[in-house]
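The lines below spell out each chain.
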Amino acid sequence: MRETVRSGPRPVARILSLVANAGDDDRTLGLQRTPRFRTRGKAGQTGHAEGVLGPKVGSGRHNSLWRTCQLRDRRRIRARVSRPSRKFGLLTPCFRFRWLLPVAMATGRLGVGETLGALNTALGPGDPVWFKETRARHLRARDFLAPRPALQARFGDGQVPERVIRAVAGLQGPGVAPVMRCAPTPAGLALQLQRPAVFERVLGAVPAYAVPAVPAAPGPRVLLHCPALRGAPGSLRLSRLRAVLVADHLARALRAHGVRVRLVPAVRDPHMPTFLQQLRVDWPAASERAATEALRSRVLAELGLAREGGALAPGVLGTVSLKEVLQERGRAAGYDPKLDKCLVTEDQLSVLAELQEAVSQWPQASPPGLAVAPHASADVCMVIHVVSCEEEFQQQKLDLLWWKLDDRAPLTQKHLVCGPVKVAGTPSKLTAPEYYELRHTQVCKASALKHGRDLVQDPAWTEVFSILSAATIKFEMLSTAPQSQLLLALADSSISTKGTRSGTFVMYNCARLATLFEGYKHSTEQGLYPTFPPVSSLDFSLLQDEGEWLLLFNGVLPFPDLLGQTAALACAASGLHVTARTETMCKFLVQLSMDFSSYYNRVHILGEPRPHLFGQMFARLQLLRAVREVLHTGLAMLGLPPLSHI
């Protein structure tokens, strides 16, 4: 099967539509670390990629993705694509089918994945060997490395031919960062980029790196269902709260990539909207229940449900054999083998009626700036049930019951199961409101200790404390892969601005950036500094500090690929479960805040108001402006507004 990607939806949208359309054929969907390719190239641009995406994880060695690139001397070499980074590798779903991808990017934006792909192409056929450096001590000497053991496996004696080194040093292409030098070292083949040129390309087009690009057309429809929101806030245990936060973050990430997302259920408890607002969770509310008459009639008239032992309990309509549904559908993979007979209740029909209504009455309006796609895949609906581990069994029953009672139920239903949440040293089970109040109290206490007075009653600080509490909870809940167990520590130290692993630390550094630019604005109004010159006139060769390259190379440059990673879903086409990397954004923002904090503590940005120092000051301000935009975009993906002061 061959799928040609033209200008249109971004890869994640097409991947989701292919998952939704997958049947029982040989198209299996697995997970491997591969660079993310851009799909907005125009016909006629240099190069294309043609690949076979390999088997599922656990099946042994992956079939690597092949790519054809064109070097400066017009030679075309076919080679596998490598991993973009040890630290933030990109996760994309992969099928066993052929996928034609244009290499060129219409935006002209530099990309880590594109650079790695071209580097491996220049080495010739073989396994990918290049990787991106991330540690500061390595970045002092090189930006990319092909390790010596890998070169020995490729070239026998480990001696890279001179013609290959020249080809790497002269590498060019769409999205490929300009190379300054490539030379053999004891560690392997080391490559360093033309850093002033990379600074200029990236900092001259900050929105292309810091803001999600508007897709050319909307992707498929995704219905995110979070059963934990059907009750009152007091019924939310921490594992269910985790599922709510994962669903909210995933919805934001998918929407940023043009996927049309609908959230179910609409909350009806009168206290739930207020609680979700405290957590900065954007979820719809409703006062009326969906009509269940049609489903109830089918239960009573068509299914002929067995009434065992005479009269049934109030609210119970009968029983249905779920094993028969599994056999009819041929979808036993992933379902609990203990599933057998299921009592059909009025409450279950109410849940199914809302799901049925959400799928059948989808809003027709497209997101702003998007045109309705003409291809049929945009009309596909995929249902993802985001559940805690204790809710999964009941949700499996509802899946099968939906298929039994509704002929129009979506063929593709996936489960994103969140692991348990354990609290260190606390045997009792906290509810979500109790957890929020605990964190809010700790935030207020830490502020009082820092400022020497109680600011809780100050209206100017009320919103700040609320945002800090939500940030603390979200970073705690989302910094671990959702399918893994989460261990919480409830000590006061976890909300300190000095702790480098907390949401409070990220918000603190966001406020430091705001203070920096406010200080520059105030000094400009006083006449100490001139107004900011055009970016095209800045001299980025003045950015010589290693911390500056660390911020750009590990923070700003790879951020667009990271945005794609947060929206990537990995699953088997015929399986039940799906995994998401919702922890990626939190980890990235924490690391970026650590790099910025180290740099900001060491380097004085707003120096003496002397003309010969203005050039470096403006170049540094433009770099930190890009860092600020990346932070703001990342926080928006978590539903958190930036703070201007703490």
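Preceding this section is the structure that the text describes.
Because the structure is predicted, anything quoted here is derived from the model rather than measured.

(A) Structural view of the overall build of the protein. When you go through the protein residue by residue, the secondary structure sums to 20 helices and 21 strands. Counting across all 646 residues of the protein, residues that qualify as buried make up 57%. Taking as baseline every contact in the protein between residues at least 6 positions apart, the subset at least 24 positions apart corresponds to 79%.

(B) A look at the pairing of strand β9 (residues 144–147). Residues Phe144 and Ala146 point to one face of β9 and Leu145 and Pro147 to the other, with burial holding for every one of them. Bridge analysis of strand β8 (residues 131–132) against β9 gives two bridges, and the strand direction is antiparallel. For Lys132, the partnering residue across the bridge sits in β9 and is Phe144. Sheet analysis places β9 next to strand β11 (residues 188–193), joined by four bridges and oriented antiparallel. Note that in β11 the partner of Pro147 across the bridge is Gly188.

(C) Examining the sheet that holds strand β17 (residues 413–418) more closely. Taken in spatial order, the four strands make up an open sheet running β13-β12-β16-β17, and their pairing is parallel. Each end of this open sheet is capped by a strand with a single partner; those strands are β13 (260–264) and β17. Averaged over neighbouring strand pairs, the angle between their axes works out to 20° when direction is ignored. As paired strands, strand β12 (residues 221–225) and β13 are joined by five bridges and run parallel to one another. Counted as the bridge partner of Arg221 is Arg260 from β13.

(D) Structural context of the side chain of His225. Take His225: it is sitting in strand β12. A residue is classified by how much of its surface remains accessible, and His225, at 0% relative accessible area, is buried. Side chain to side chain, His225 and Arg230 meet in a polar contact 3.0 Å long. Excluding anything up to four places from it in sequence, His225 contacts Arg230, Val264, Pro265, Val351, Leu355, Ile384, His385, Val386 and Gln395.

(E) Structural context of helix α6 (residues 195–203). Within α6, the full set of buried residues consists of Arg195, Val198, Phe199, Val202 and Leu203. The buried residues of α6 occupy an angular sector of 110° when projected down its axis, which confines them to one face. Elements that come into contact with the buried residues of α6 comprise α3 (136–139), β11, α7 (206–210), α17 (546–556) and α20 (611–637).

(F) Layout of helix α2 (residues 112–123). Taking 1.5 Å of rise per residue, 12 residues should cover 16 Å, and α2 covers 17 Å from first to last C-alpha, within 8% of that figure. With 12 of 12 residues buried, α2 lies mostly within the body of the structure. For α2, the full list of buried residues reads Val112, Gly113, Glu114, Thr115, Leu116, Gly117, Ala118, Leu119, Asn120, Thr121, Ala122 and Leu123. Within two residues after α2, Gly124 carries a phi angle of roughly 95°, on the positive side.

(G) Representation of the sheet that holds β8 within the structure. Taken together, four strands build an open sheet; the order of strands is β8-β9-β11-β10 and the sheet is antiparallel. A single partner strand is all that each edge strand has here, and the edge strands are β8 and β10 (179–185). Note: β10 against β11, six bridges, orientation antiparallel. Following the sheet pairing, Ala183 is matched in β11 by Ala190. Contacting β9, β10 and β11, helix α4 (residues 148–155) runs over the sheet at an angle of about 55° to β9.

(H) Highlighting the packing of aromatic side chains. The full count for this structure, using the stated rule, is 13 aromatic pairs. Relative to Phe614, the ring of Tyr529 lies with its centre 6.0 Å away and its plane at 90°, an arrangement referred to as edge-to-face. Of this pair, Tyr529 sits in the loop between α16 (503–525) and α17 while Phe614 is found in helix α20, placing the two residues 85 residues apart along the sequence. Residue Tyr529 shares its accessibility class with Phe614, and that shared class is buried. An aromatic cluster is defined as three or more aromatic residues linked by ring pairs; in this entry it consists of Tyr520, Tyr529, Phe532, Phe614 and Phe618. Residue placement shows Arg109 over the ring face of Tyr209; its charged tip is 5.8 Å from the ring centre.

(I) Spotlight on the environment of Lys521. For Lys521, the location among the structural elements is in helix α16. A relative accessible area of 45% places Lys521 in the partly exposed class. Lys521 sits 11 residues away from Phe532 along the chain, and the two C-alpha atoms are 9.6 Å apart.

(J) Quick look at the nonpolar core. Ranked by size, the top nonpolar core spans 139 residues in total, and within it Trp130, Leu241, Met477 and Leu624 carry the most contacts. When residues of this core are assigned to their parent elements, the largest contribution, 13 residues, is made by α20. Formed by 28 residues, the second largest nonpolar core is a distinct cluster that contains Ala358, Cys381, Trp402 and Trp403.

(K) Focus on unusual backbone geometry. Note the cis peptide between Val264 and Pro265, where omega equals 5°. With respect to the helices and strands, Pro265 occurs in the loop between β13 and α9 (272–278).

About the criteria used
Residues numbered from 1 in each chain as written. Predicted model: local features only at pLDDT ≥ 70, side-chain atom pairs only at ≥ 80, totals over all residues. Heavy atoms only, no water. Helix = DSSP H or I, 4+ residues; strand = E, 2+ residues; numbered from the N terminus. Buried < 20%, exposed > 50% of the residue type's maximum accessible area, 1.4 Å probe, protein only. Contact = heavy atoms within 4.5 Å. Pairing = 2+ DSSP bridges. Axes fitted to C-alpha atoms, helices over the stretch in contact; angles between N-to-C directions. Polar contact = N/O pair within 3.5 Å; in protein donor to acceptor, adjacent residues only side chain to side chain. Arc of directions from axis to C-beta. Expected span 1.5 Å × (residues − 1). Phe/Tyr/Trp six-rings, centres within 6.5 Å; stacked < 30°, edge-to-face > 60°. Lys NZ or Arg CZ within 6 Å of the ring centre and 35° of its normal. Core = buried A, V, L, I, M, F, W, Y, C linked by side-chain atoms within 4.5 Å.

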